[in-house]
Protein chains: 2
Amino acid sequence: MSPHSGLALPARKVEYLKFIFESGGTARTNDIASAFSVDPSTITKTFAELTSGGYLLHTPYRGVTLTDAGRRDAAFFIRRHRILSLMLVRNGLSPKEACNEVRRFESMVSKKAVDRICEFMGHPRQGVCGEITHDDEESTLNAERMALKMSLEH
Amino acid sequence: MSPHSGLALPARKVEYLKFIFESGGTARTNDIASAFSVDPSTITKTFAELTSGGYLLHTPYRGVTLTDAGRRDAAFFIRRHRILSLMLVRNGLSPKEACNEVRRFESMVSKKAVDRICEFMGHPRQGVCGEITHDDEESTLNAERMALKMSLEH
DNA sequence: ACTAAATTTGGTATAACGCCAACATTTACT
DNA sequence: AGTAAATGTTGGCGTTATACCAAATTTAGT
């Protein structure tokens, strides 16, 4: 499994990273534990693993922040989710069905496949559960999210 | 997870059942062990699990046979594989890529989704890695396969 | 009957999850 | 500041899904 195949992380870690990304790049243990209804201790342990994998920085008792690599990968995970959901919608599923279906298997779909599907669909911008971001835009959009979160936390 | 969601079995067991189905409904430990390059003891254990799950009948030291339920499910697994592969081919992937991609995630795709996609694609007959069988035909075709295998083993 | 091949058993291992109880830290309130 | 509540962490344990190895068993061929 090459490091950029898109298959480096198991399903649950992908979900957590997407969530952190969408929360502006930072999160605390309880944010995730309650969002996913799992025990906080599970999240602490997952933070440790994602930190040693280079996806997160963990400051004990304070929370995590995505690293650059983590942000890049999370952006891909979100894009992958949206491309695949859109593909299913274009193949007969309702948006909600598509989203749920994709959540179960997305972690097993390679970047190469996603890129091909994306190209084939004409690099759509509007997905079924949010905008689809294409490479260059990711950093920009995320920077905005970060700035917003910073200002909210002052 | 309802019993007919199509998600009752983990990936590897799905692969094994598909293989047994395509071998005519019966197989011996070594057939599977060598086809998948795993230790025979792993297969023996999996046979036990699939037997207690009602998918197989296992006669120790002699091999397994699909039960009716096992045959029905295996037929669905194969149909699912082909429908999904075809969808990916129709969305930009090569047949080989599609097959390999689908093998990784097919076990997570529900029957309901497959049925919708199948309908949306117009109940295609020709898949990218074999014919796509639709409900009524399954028993017929499989009966033929069984008969063939019987005659070969005389 | 004897041996070789196939199969099974029993033990062990890994990854990916998750829970609980006990302990530690931080925060918020009086 | 002092303490209680909220939050987070540790250590232990459990499950499912896979797989391997070595030893024992069964079957098959001569």
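Calculation criteria
- Residues numbered from 1 in each chain as written.
- Chains lettered and ligands numbered in written order.
- Predicted model: local features only at pLDDT ≥ 70, side-chain atom pairs only at ≥ 80, totals over all residues.
- Heavy atoms only, no water.
- Contact = heavy atoms within 4.5 Å.
- Buried area = accessible area lost by both parts, 1.4 Å probe.
- Salt bridge = Lys/Arg side-chain N within 4 Å of Asp/Glu carboxyl O.
- Polar contact = N/O pair within 3.5 Å; in protein donor to acceptor, adjacent residues only side chain to side chain.
- Helix = DSSP H or I, 4+ residues; strand = E, 2+ residues; numbered from the N terminus.
- Buried < 20%, exposed > 50% of the residue type's maximum accessible area, 1.4 Å probe, protein only.
- Pairing = 2+ DSSP bridges.
- Domains from an automatic or database assignment.
- Nonpolar A, V, L, I, M, F, W, Y, C, P; charged D, E, K, R; others polar.

Some words on the interface of chain B and chain A
Step number 1: Taken together, the contact pairs 20 residues of chain B with 20 residues of chain A.
Step number 2: Carbon and sulfur atoms make up 62% of the area that chain B and chain A hide from each other, which totals about 1,800 Å².
Step number 3: The largest share of the area that chain B buries against chain A comes from Asn-91, Arg-104 and Met-108 of chain B, three residues that together contribute 29% of it.
Step number 4: Between chain B and chain A we count four salt bridges in total.
Step number 5: Here Glu-97 of chain A ties to Arg-116 of chain B by a salt bridge, and the two come within 2.8 Å at their closest N and O atoms.
Step number 6: For the pair chain B and chain A, the number of links is six residue pairs in polar contact (both at pLDDT 80 or more).

Topic: the pattern of salt bridges
Step number 1: By the definition in use, this model includes 22 salt bridges over all chains.
Step number 2: Notably, a salt bridge pairs Arg-79 of chain A with Asp-115 of chain A, separated by 2.7 Å at the nearest N-O pair. Of the two residues, Arg-79 of chain A is situated in helix α4 (residues 68-89) and Asp-115 of chain A in helix α6 (residues 111-120); the sequence distance between them amounts to 36 residues.
Step number 3: Under the relative-accessibility criterion, Asp-115 of chain A is labelled partly exposed at 28%.
Step number 4: Taking the shortest distance from any N to any O, the salt bridge between Asp-115 of chain B and Lys-111 of chain B comes out at 3.0 Å. Taken together, the residues span about one helical turn, with Asp-115 of chain B and Lys-111 of chain B both in helix α6 (residues 111-120) at a distance of four residues.

Examining the environment of Phe-105 of chain B
Step number 1: Position of Phe-105 of chain B among the secondary structure elements: in helix α5 (residues 95-105).
Step number 2: It is 9.5 Å that separates the C-alpha atoms of Phe-105 of chain B and His-81 of chain B, two residues lying 24 residues apart in sequence.
Step number 3: When neighbours within four sequence positions are excluded, Phe-105 of chain B is seen to be in contact with Phe-105, Met-108 and Val-109 of chain A together with Leu-84 and Leu-88 of chain B.

A short note on the sheet that holds strand β1 (residues 26-27) of chain A
Residue and element names in this part refer to chain A.
Step number 1: Overall, antiparallel pairing links the three strands, which are arranged β1-β3-β2 in an open sheet. Both edges of this open sheet fall to β1 and β2 (56-59), since each of them pairs with a single strand only.
Step number 2: Both β2 and strand β3 (residues 63-66) contribute to a ladder of four bridges, which runs antiparallel. Pairing of Leu-56 across the sheet is with Leu-66, part of β3.

Section: the domain arrangement of chain A
Size of an interface, as often reported, equals the accessible area lost when the parts are brought together.
All names here are of chain A.
Step number 1: For chain A, the assigned domains are domain 1 (16-66) and domain 2 (71-153).
Step number 2: With eleven residues of domain 1 at the contact, the number on the domain 2 side is 14 residues.
Step number 3: Across the interface of domain 1 and domain 2, roughly 1,100 Å² is buried in total on both sides, 61% from carbon and sulfur atoms.
Step number 4: Broken down residue by residue, the surface that domain 1 buries against domain 2 is led by Lys-18, Phe-21 and Gly-24, which jointly contribute 54%.
Step number 5: Counting across the domain 1 and domain 2 interface gives two salt bridges.
Step number 6: The partner of Arg-82 in a salt bridge is Glu-22, with the nearest N and O atoms 3.1 Å apart.
Step number 7: Sorting the residues of the side of domain 1 that touches domain 2 by element identifies α1 (11-22) and β1 as the ones contributing at least two each.
Step number 8: In terms of residue class, the side of domain 1 that touches domain 2 is made up of five nonpolar, four polar and two charged.

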